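Each chain is listed here by its residues.
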Amino acid sequence: MIYARIAGLGFYVPENVITNHDLEQLMDTSDEWIVERSGIRERRFFTEGKDTVASMGARASELALQQANLTPEDIDFIVFSTLSPDYNFPGAGVLLQRMLPFKEIGALDVRTQCSGFVYGLSIADQYIKTGMYKNILVVGSEVQSNIMELSDRGRNFAVLFGDGAGAVVVQATEDPTRRILSTHLHAQGEHAEMLYLEHPGSRLKDRMSTTIVEEGKHLPHMEGQAVFKHAVRRFPEVILEALEANNLTIEDLDMVIPHQANLRITNYVQQKLALPDDKIYSNIQRYGNTTAASIPIALTEAWQNGKINQGDLVCLAAFGSGFTWASALLRW
Ligand code: UT7
């Protein structure tokens, strides 16, 4: 049997730290409100001319490759998850492919927002298990600071999101004791417009107009409370689904790495599953919500800090725009 395991991981965040106090200068908000409602204290914003979604993905990929003891020539396929590609087309995957000395390998872009990394991992798992590829790079990278309006009008969204990238190398293995055990993917498109960015899209003859900009419809729209309610239901559900499919229980878990949406959401999930503090990881305080990048950044940090060790049972879980939600259970 061929299985897939994570053989290397890395992350990159832009150097530009934006604190809640910096945001107070730009909009009617307060450090107290942001910390109380989301747990976030600071986030990173990209530097124009230096950071792009593809270049940040490349930096994270280099670290993941180094750690897996591989070179770009060893990689057979790229899966790139982002909601904020450098161009409308082509996708960010091909831009990453030309940045490092990869061979002319396939590059697939995934568009499932906050669940993008887990969806990407699931794709890599399947390609490896069929024997088609041996080493796949799965990347999540986002530049979101420039799709948010840093003003009173955009404040419910702008205080939550940040920029950054994470990457993992998924590798073929015959060792059943260290591998991706399963992935579970879900979607409920009826709620697509609860968290979406409408323009520029292909529905209108004029993809962009002054009216669209004046009405702020080129900016993301989020029904925060509704998203929150669905998130606190779907996170525990999809974690339990993963455990059940593998005949395991909550007590077997060593670490849960949830998508970093909101510290209140993570605390709710922790409470619902009765997980002790050291079995669920949060770094949203320092990076905000980095969408498809949040899980690989948190996973890398947790691993670097010695919170994940060989043999541990690790669950990744995500929820976001679509709605989409997903989990991956790993034996580290
Ligand atoms: O990856 C998935 C992506 N999204 C999420 O996970 C978001 C899920 N939702 C949330 O995290 C929360 O709903 C938010 C953090 C977005 C908002 O927290 P909330 O407790 O649901 O606040 P609210 O939207 O009910 O707003 C409460 C008040 C309102 O004022 P009034 O009507 O009570 O006077 C808002 O206008 O807070 C006001 N408000 C703000 N005040 C200061 C909204 N945004 C801000 C802000 N600063 N940035």
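In this convention, every chain numbers its residues from 1, walking through the sequence in written order. With the structure being a predicted model, the display of local features is reserved for residues of pLDDT at least 70 and the display and counting of side-chain atom pairs for 80 or more, all residues being used for whole-chain, interface and lining totals. Only hydrogens and water are set aside when side-chain values are computed; all heavy atoms of the structure are taken into account.

**With respect to the sheet that holds strand β1 (residues 3–12)**
Working step 1: The strand order across the open sheet built from 5 strands is β1-β7-β6-β4-β5, with neighbouring strands paired in mixed fashion. The sheet is open, and its two borders are formed by β1 and β5 (106–110), each paired with just one other strand. Shown here is a sheet whose adjacent strand axes are inclined to one another by a mean of 20 degrees, direction ignored.
Working step 2: For strand β6 (residues 135–142) and strand β7 (residues 164–173), the ladder comprises 8 bridges, and the chain directions are antiparallel. Note on β7: the bridge partner recorded for Glu142 is Gly164.
Working step 3: On the sheet, helix α3 (residues 53–68) packs against β1, β4 (77–81), β6 and β7 and is oriented at approximately 125 degrees with respect to β1. For two strands to be treated as a pair, DSSP must find no fewer than two bridges joining them. Comment: elements are numbered from the N terminus, with helices defined as DSSP H or I runs of at least four residues and strands as E runs of at least two. Each axis is a line fitted through C-alpha atoms, and for a helix only the stretch in contact is used; angles between axes span 0 to 180 degrees, taken between their N-to-C directions. Contacts: residue pairs with any heavy atoms within 4.5 Å of one another.

**Details of the domain arrangement of the protein**
Working step 1: As far as domains go, the protein holds domain 1 (3–176) and domain 2 (180–331).
Working step 2: The distance between the C-alpha centroids of domain 1 and domain 2 comes to 14 Å.
Working step 3: Listed per partner, the contact involves 51 residues of domain 1 and 49 residues of domain 2.
Working step 4: Buried area: the accessible area, evaluated with a 1.4 Å probe, that two parts lose upon being put together, summed over both parts. With both chains or domains summed, domain 1 and domain 2 bury close to 3900 Å², and 66% of this area falls on carbon and sulfur atoms.
Working step 5: The largest per-residue losses of area from domain 1 upon contact with domain 2 belong to Phe11, Cys114 and Val118, which jointly make up 16% of the total buried on that side.
Working step 6: Salt-bridge detection follows one rule: a side-chain nitrogen of Lys or Arg within 4 Å of a carboxyl oxygen of Asp or Glu. The tally of links from domain 1 across to domain 2 stands at 0 salt bridges. An automatic or database domain assignment provides the domain bounds reported here.

**Observations concerning the sheet that holds strand β13 (residues 324–331)**
Working step 1: Strand order in the open sheet made by the 4 strands is β8-β13-β12-β11, with mixed pairing throughout. Strands with a single pairing partner mark the edges of an open sheet, and in this sheet they are β8 (179–187) and β11 (255–258). Taken over all neighbouring pairs, the strand axes of this sheet differ in orientation by 15 degrees on average, direction set aside.
Working step 2: Here 8 bridges tie strand β12 (residues 313–320) to β13, and the two strands are oriented antiparallel to one another. Within the sheet, the bridge partner assigned to Phe319 lies in β13 and is Trp325.

**Focus: the nonpolar core**
Working step 1: Nonpolar cores are built from buried Ala, Val, Leu, Ile, Met, Phe, Trp, Tyr and Cys residues. Side-chain atoms within 4.5 Å join them into one set. Burial here depends on accessible area, computed with a 1.4 Å probe over protein chains only, as a share of the maximum for the residue type. Under 20% is buried, over 50% is exposed, and the range in between is partly exposed. In terms of nonpolar packing, the biggest core is built from 43 residues, with Ile239, Leu253 and Leu329 touching the most fellow members.
Working step 2: With 9 residues, the single largest contributor to this core is helix α8 (residues 224–245).
Working step 3: Mapping this core onto the domain boundaries places at least three of its residues in each of domain 1 (3–176) and domain 2 (180–331).
Working step 4: Every residue in contact with Leu329, bar those within four places of it in the chain, is listed here: Arg179, Ile180, Leu181, Ser182, Ala242, Leu243, Asn246, Leu248, Leu253, Leu313, Val314 and Cys315.
Working step 5: Listed in part, the 33 residues of the second largest apolar core include Leu9, Leu121, Tyr133 and Ile295.

**Side note on the pattern of salt bridges**
Working step 1: Within the structure shown, the criterion is met by 10 salt bridges.
Working step 2: In this structure, Asp28 and Arg155 form a salt bridge, with 3.6 Å as the shortest nitrogen-oxygen distance. With Asp28 in the loop between α1 (20–24) and α2 (31–38) and Arg155 in helix α6 (residues 155–158), this residue pair connects regions lying 127 residues apart in the sequence.
Working step 3: Among the ionic pairs, Glu215 bridges to Lys217, the shortest N-O distance being 3.9 Å.
Working step 4: Salt bridges here are not isolated pairs; linked through shared partners, they connect Arg233, Arg234 and Glu237.

**Details of the packing of aromatic side chains**
Working step 1: Only rings of Phe, Tyr and Trp enter the pairing, Trp through its six-membered ring, and a pair is recorded when the two centres are within 6.5 Å. The plane angle decides the type: under 30 degrees is stacked, over 60 is edge-to-face, the rest tilted. Taken as a whole and judged by the stated rule, the model has 8 aromatic pairs.
Working step 2: Each residue in the set Phe235, Phe319, Phe323 and Trp325 is aromatic and connected to the rest through ring pairs, giving one cluster.

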